Amino acid sequence: MDLFEYQGKQLFAQYGIPVSPGHAVFTVQEAVEAADRIGYPVVVKAQVQVGGRGKAGGIKLAADPEEVRTHASNILGMDIKGHVVETLWIEQASDIAKEYYASFTLDRSAKLHLGMLSARGGVEIEVVAAEEPDAIARLYVDPVDGLSEEAAREWVGRAKLDPDATDGVVDVLVKLYRAYVDGDADLVEINPLIVTTDGRVHALDAKVTLDDNAAFRHEWSEYEATQVRDQREAAAHAKGLQYVGLDGYVGIIANGAGLAMSTVDIVSQVGGEPANFLDIGGGANADVMANALEVINSDADVKSIFINIFGGITKGDEVANGIVTALGRVQIDAPIVIRLDGTNADEGRAILAAHESERFVSQPTMIDAARKAVELAEARS
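Residues numbered from 1 in each chain as written. Predicted model: local features only at pLDDT ≥ 70, side-chain atom pairs only at ≥ 80, totals over all residues. Heavy atoms only, no water.

### Describing the overall build of the chain
Logical step 1: Tallying secondary structure elements over the chain gives 13 helices and 18 strands in all.
Logical step 2: Taken along its principal axes, the extent of the C-alpha atoms in the chain is 75 × 50 × 40 Å.
Logical step 3: Counting every position in the chain, which comprises 381 residues, the buried fraction comes to 47%.
Logical step 4: Surface accessibility of the chain: about 17700 Å² in total, with carbon and sulfur atoms responsible for 49%.
Logical step 5: Positive and negative side-chain charges of the chain, numbering 33 and 60 respectively, have mean locations separated by a distance of 2 Å. (Helix = DSSP H or I, 4+ residues; strand = E, 2+ residues; numbered from the N terminus. Buried < 20%, exposed > 50% of the residue type's maximum accessible area, 1.4 Å probe, protein only. Areas by Shrake-Rupley, 256 points an atom, 1.4 Å probe, with all protein chains shown as cover. Lys, Arg positive; Asp, Glu negative; His and termini not counted. Charge placed at Lys NZ, Arg CZ, Asp CG, Glu CD.)

In structure tokens form, the structure reads like this:
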């Protein structure tokens, strides 16, 4: 669940991270009124869940009401990388002396939280990583131990930030880590984390991605209401499915996020283009499978469907019966390739074998199934 900048800043403020005073607005008049309340100069910022706002003209400094009116009129309705601006964040302008970068995310391979800190803030971190990797100081944090002030101070030293800003940056980093963990985020990023001309450290921007799986622990209805989803993603979400739309032509259904990601990867590796990431979770009964097939079938670009199931607690024969029942409920346009493995896989394959045809095919391995799905898709192109 990706948040807008203003929502990320509101989240940061809950954990004591200093942010610029501001207001989210939806009309030109509201923008002017918000700026009048804050006091000039202000910054008018487009709220979209994509980078590159500044280069697109979506961030402007305004010194008076007329400039706010002009910038708000120009930015509202602007298309930035396919995202139409419907919300503006009007915030107090800051006098910037230094710009840093700070973030936390999960390094799955290391099974640790990863912090990244750099004196090269205000630019895309991917560019810094490519051009000057040593400019990023990394810190691995054991979730059991957490981030101590001492570890944060050593980290700031390695990042070679301005010594006068150390105390303020350390304070923000400790609070940012707490926002990341307690807030159940997949990513928290401040770019830039600034030092003002009078020595204050605060977040000038906020990028936050929350973990949907933790929604039961929070009141996220406000965030949920502002999620930007295409038609496919909206349909999947309404059915309780974990779905991300992609631009390819092989529809993917798998049980478990790891297997779904691996399936996306293997389709790409054999020369195909995945149309989506769809994780049906631990259950693959008829209702769940029918919902998944309906979502996949609604994508006109899908030329074949790859169902990749590994039975664990969910048994292979139950999965197979669910698939067969679902196919009786949903009229599918694209041919289907199934790979079934794990608990009771042989029993499941026997059930599926009785229903196989040129448009409904089982394969023994992931790579065989991926190749067959791509082959069938290309035959329909």
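### Re the packing of helix 11 (residues 316-329) against helix 12 (residues 345-353)
Logical step 1: Interhelical geometry of helix 11 versus helix 12 gives an angle of 20° and a closest axis separation of 6 Å. By the criterion of interaxial angle, the relationship of helix 11 to helix 12 is roughly parallel. Seen from above, helix 11 lies across helix 12 with right-handed handedness. Side by side, helix 11 and helix 12 meet where Gly 316, Asp 317, Ala 320, Asn 321, Ile 323 and Val 324 of the first sit next to Glu 347, Gly 348, Ile 351 and Leu 352 of the second.
Logical step 2: Broken down by class, the residue content of the contact of helix 11 with helix 12 amounts to 5 nonpolar, 3 polar and 2 charged. (Axes fitted to C-alpha atoms, helices over the stretch in contact; angles between N-to-C directions. Parallel < 35°, antiparallel > 145°, perpendicular 65-115°, else oblique. Left-handed = near helix turned anticlockwise from the far one by under 90°. Contact = heavy atoms within 4.5 Å. Nonpolar A, V, L, I, M, F, W, Y, C, P; charged D, E, K, R; others polar.)

### Quick look at the environment of Arg 37
Logical step 1: Among the structural elements, Arg 37 can be located in helix 2 (residues 28-38).
Logical step 2: Once the C-alpha coordinates of Arg 37 and Ala 286 are considered, the two residues, 249 residues apart in sequence, prove to be 56 Å apart.

### A closer look at helix 2
For an α-helix, the turn length of 3.6 residues means that residues three or four places apart are oriented alike.
Logical step 1: What helix 2 keeps buried is the set Ala 31, Val 32, Ala 34, Ala 35 and Ile 38. Here the buried residues of helix 2 occupy an arc of 165° about the axis, which is enough to place them on one side.
Logical step 2: For helix 2, the secondary structure elements touched by its buried residues are strand 1 (22-25), strand 2 (42-46), helix 3 (65-75) and strand 6 (88-92).
Logical step 3: In the segment just after helix 2, Gly 39 is the residue with positive phi, at about 100°. (Arc of directions from axis to C-beta.)

### What to know about the environment of Thr 343
Logical step 1: Residue placement: Thr 343 occurs in the loop between strand 17 (336-342) and helix 12.
Logical step 2: Residues Thr 343 and Gly 312, 31 residues apart in the sequence, show an inter-C-alpha distance of 5.5 Å.
Logical step 3: Discounting residues that sit within four places of it in the chain, Thr 343 has contacts with Gly 311, Gly 312, Lys 315 and Gly 316.

### Focus on the pairing of strand 14 (residues 250-254)
Logical step 1: With 5 of 5 residues buried, strand 14 lies mostly within the body of the structure.
Logical step 2: In this sheet, strand 16 (residues 304-311) lies alongside strand 14 in parallel orientation, the contact comprising 5 bridges. Its bridge partner being in strand 16, Gly 251 is matched across the sheet by Ile 305. (Pairing = 2+ DSSP bridges.)

### Focus: the pattern of salt bridges
Logical step 1: Following the criterion strictly, the structure yields 18 salt bridges and no others.
Logical step 2: In this structure, the salt-bridge partner of Lys 45 is Glu 5, at a minimum N-O distance of 2.7 Å. Here Lys 45 is found in strand 2, whereas its partner Glu 5 is found in helix 1 (residues 5-14), with 40 residues between them in sequence. Pair check on accessibility: Lys 45 and Glu 5 agree, each one buried.
Logical step 3: Ionic pairing is found between Arg 349 and Asp 341, a salt bridge with its closest N-O pair at 3.6 Å.
Logical step 4: Salt bridges linked by common partners bring Glu 5, Lys 9, Lys 45, Arg 53, Glu 91 and Asp 205 together as one network. (Salt bridge = Lys/Arg side-chain N within 4 Å of Asp/Glu carboxyl O.)

### Quick notes on the sheet that holds strand 2
Logical step 1: The antiparallel open sheet is built from 4 strands, whose spatial order is 1-6-2-3. The open sheet has two edge strands, strand 1 and strand 3 (59-62), and neither has a second partner. Geometrically, the sheet is characterised by an average inter-axis angle of 20° between neighbouring strands, direction not taken into account.
Logical step 2: Inspection of the sheet shows strand 1 paired to strand 6 by 4 bridges, in the antiparallel sense. Pairing of Val 25 across the sheet is with Leu 88, part of strand 6.

### A word on the pairing of strand 15 (residues 276-279)
Logical step 1: Judged by which residues are buried, strand 15 turns out to be covered on both faces: Asn 276 and Leu 278 on one side and Phe 277 and Asp 279 on the other are all buried.
Logical step 2: Across 4 bridges, strand 13 (residues 242-245) lies against strand 15 in antiparallel orientation. Note that in strand 15 the partner of Val 244 across the bridge is Phe 277.

### Some remarks on the nonpolar core
Logical step 1: Counting 41 residues, the largest nonpolar core has Phe 12, Phe 104, Val 169 and Leu 210 as the members making the most contacts within it.
Logical step 2: Mapped by element, the contributors of at least two residues to this core are helix 1, strand 7 (96-107), strand 9 (136-141), helix 5 (149-158), helix 6 (166-182), strand 10 (185-196), strand 11 (201-203) and strand 12 (207-210).
Logical step 3: Counting residues per element, this core draws most heavily on helix 6, which supplies 8 residues.
Logical step 4: Once you skip the residues sitting within four places of it in the chain, Phe 12 turns out to touch Ile 17, Val 19, Leu 176, Val 188, Glu 189, Ile 190, Ala 203, Asp 205, Ala 206 and Val 208.
Logical step 5: Listed in part, the 28 residues of the second largest apolar core include Ile 280, Met 289, Ile 307 and Leu 352. (Core = buried A, V, L, I, M, F, W, Y, C linked by side-chain atoms within 4.5 Å.)

### Remarks on the side chain of Lys 9
Logical step 1: Structurally, the position occupied by Lys 9 is in helix 1.
Logical step 2: Of the polar contacts made by the side chain of Lys 9, one reaches the side chain of Glu 91; its length is 2.5 Å.
Logical step 3: Lys 9 has contacts with Val 19, Lys 45, Trp 89, Glu 91, Ala 203, Leu 204, Asp 205 and Ala 206, leaving out every residue within four places of it along the chain. (Polar contact = N/O pair within 3.5 Å; in protein donor to acceptor, adjacent residues only side chain to side chain.)

### Focus: helix 10 (residues 286-297)
Logical step 1: Between its first and last C-alpha atoms helix 10 spans 16 Å; for 12 residues at 1.5 Å apiece the expected length is 16 Å, and the two agree.
Logical step 2: For helix 10, the full list of buried residues reads Ala 286, Met 289, Ala 290, Ala 292, Leu 293, Val 295 and Ile 296. (Expected span 1.5 Å × (residues − 1).)

### Focus on unusual backbone geometry
Logical step 1: Cis geometry marks the peptide bond from Tyr 40 to Pro 41, where omega comes out at 0°.
Logical step 2: Inspection of the secondary structure assignment puts Pro 41 in the loop between helix 2 and strand 2.
Logical step 3: With an omega of 10°, the peptide bond between Asn 191 and Pro 192 qualifies as cis.
Logical step 4: Relative to the helices and strands, Pro 192 is located in strand 10.
Logical step 5: Even without glycine at this site, Asp 184 takes up a positive phi of about 55°.

Honestly, that's just the spatial picture; any functional story needs more than this.
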